[in-house]
Amino acid sequence: MLIAHLPSGYLLGRGANAGGRAMVAALLGSVAPDFDLLWFHLVDHGRVHHHDYYSHIPGFWLLVALPVLALLRWFAPSRLRIAAIFFAGIFLHLALDTLVGGIMWRWPLDDHLYSLAVVPARYGNWVVSFILHWSFLTEIAITLLAVWLFWRDRRGRPATG
Ligand SMILES: [Zn+2]
């Protein structure tokens, strides 16, 4: 997924009626797994696909999210909703990456990368192959919906001095 992660985070936050820090959590969670691209480019130099990293493995995030959410519930319940929205953003990211990217949904049982479709390398540049694939219409739709709702919400706000 190339462009729709952040817009999908906005839709998640909006759907959760999140504002302020909760919306920031939704936006951050929706892009957080792709922070591994820094490691991918700067350390691994592209040798290992970044969907093979723990940051793109749902089982790993489940192992992180469950104890964090449990601890917050007991010790800082006022932070629970924000954390839950953040982790929801991460799982939304992984679900959207499953469209054509491949995600290890059954890890640790197996390390197969599951995807709903495969983008053939029709063009020399992989980005062009992704943009000209039908699946990119999904990204455009998510992005347009998010932009439209954001714009509509902003216009609906009363002007402040
Ligand atoms: Zn990703």
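In the block above lies the structure referred to throughout.
Residues numbered from 1 in each chain as written. Predicted model: local features only at pLDDT ≥ 70, side-chain atom pairs only at ≥ 80, totals over all residues. Heavy atoms only, no water.

## Regarding the side chain of Asp 44
Put simply, the rule reads: Each helix corresponds to a stretch of at least 4 residues labelled H or I by DSSP, and each strand to a stretch of at least 2 residues labelled E; elements are numbered beginning at the N terminus. Polar contact is defined as a pair of N or O atoms within 3.5 Å, subject to the rule that within protein one atom must be able to donate a hydrogen and the other to accept it, and that residues adjacent in sequence are counted only when both atoms are side-chain atoms. The contact rule is simple, with two residues in contact once any of their heavy atoms fall within 4.5 Å.
Relative to the helices and strands, Asp 44 is located in the loop between helix H3 (36–42) and helix H4 (58–75). A polar contact is formed between the side chain of Asp 44 and the side chain of Tyr 53, at a distance of 2.5 Å. Once residues lying within four places of it in the same chain are set aside, the contact partners of Asp 44 are Trp 39 and Tyr 53.

## So, the coordination of the zinc ion
Where we set the bar: A donor here means an N, O or S atom no more than 2.8 Å from the metal, or no more than 3.2 Å when the metal is Na, K or Ca. Since water is not included, a site may seem to lack partners. A four-donor site is called tetrahedral if each angle lies between 85 and 135 degrees; a four-donor site is square planar, and a six-donor site octahedral, when trans pairs exceed 155 degrees and the remaining angles lie between 65 and 115; all other cases are labelled irregular. Buried residues are those whose accessible area, probed at 1.4 Å on protein chains only, stays under 20% of the maximum for their type, while exposed residues exceed 50% and partly exposed ones sit between those limits.
At the metal site, the zinc ion is ligated by Asp 34 (OD), His 56 (NE2), His 93 (NE2) and Asp 97 (OD), and these contacts range over 2.0 to 2.3 Å. Coordination at the zinc ion is irregular, judged from the 4 donor atoms that bind it and the angles of 88 to 171° they form at the metal. All donor residues of the zinc ion come from one chain, and their arrangement in sequence is D-x21-H-x36-H-x3-D. Within this pair, whereas Asp 34 is found in the loop between helix H2 (21–31) and H3, its partner Asp 97 is found in helix H5 (residues 77–97), the two being separated by 63 residues in sequence. A single burial state applies to Asp 34 and to Asp 97, both of which are buried.

## Describing the environment of Glu 139
With respect to the element layout, Glu 139 can be found in helix H7 (residues 136–156). Separated by 43 residues in sequence, Glu 139 and Leu 96 have C-alpha atoms that sit 9.2 Å apart. If we ignore the near neighbours within four places in the chain, the residues touching Glu 139 are Met 1, Leu 2, Ile 3 and Ala 4. Within the structure, Glu 139 has its side chain in polar contact with the backbone nitrogen of Leu 2 (distance 2.8 Å).

## Side note on the pattern of salt bridges
How we decide: Any carboxyl oxygen of Asp or Glu that lies within 4 Å of a side-chain nitrogen of Lys or Arg is treated as forming a salt bridge with it.
Enumeration according to the criterion identifies 2 salt bridges in this entry. The partner of Asp 153 in a salt bridge is Arg 14, with the nearest N and O atoms 2.6 Å apart. One end of the pair, Asp 153, is in helix H7; the other, Arg 14, is in helix H1 (residues 5–15), with 139 residues separating them in the sequence. The partly exposed category is assigned to Arg 14, whose relative accessible area is 30%.

Read these as spatial facts, not as claims about activity.
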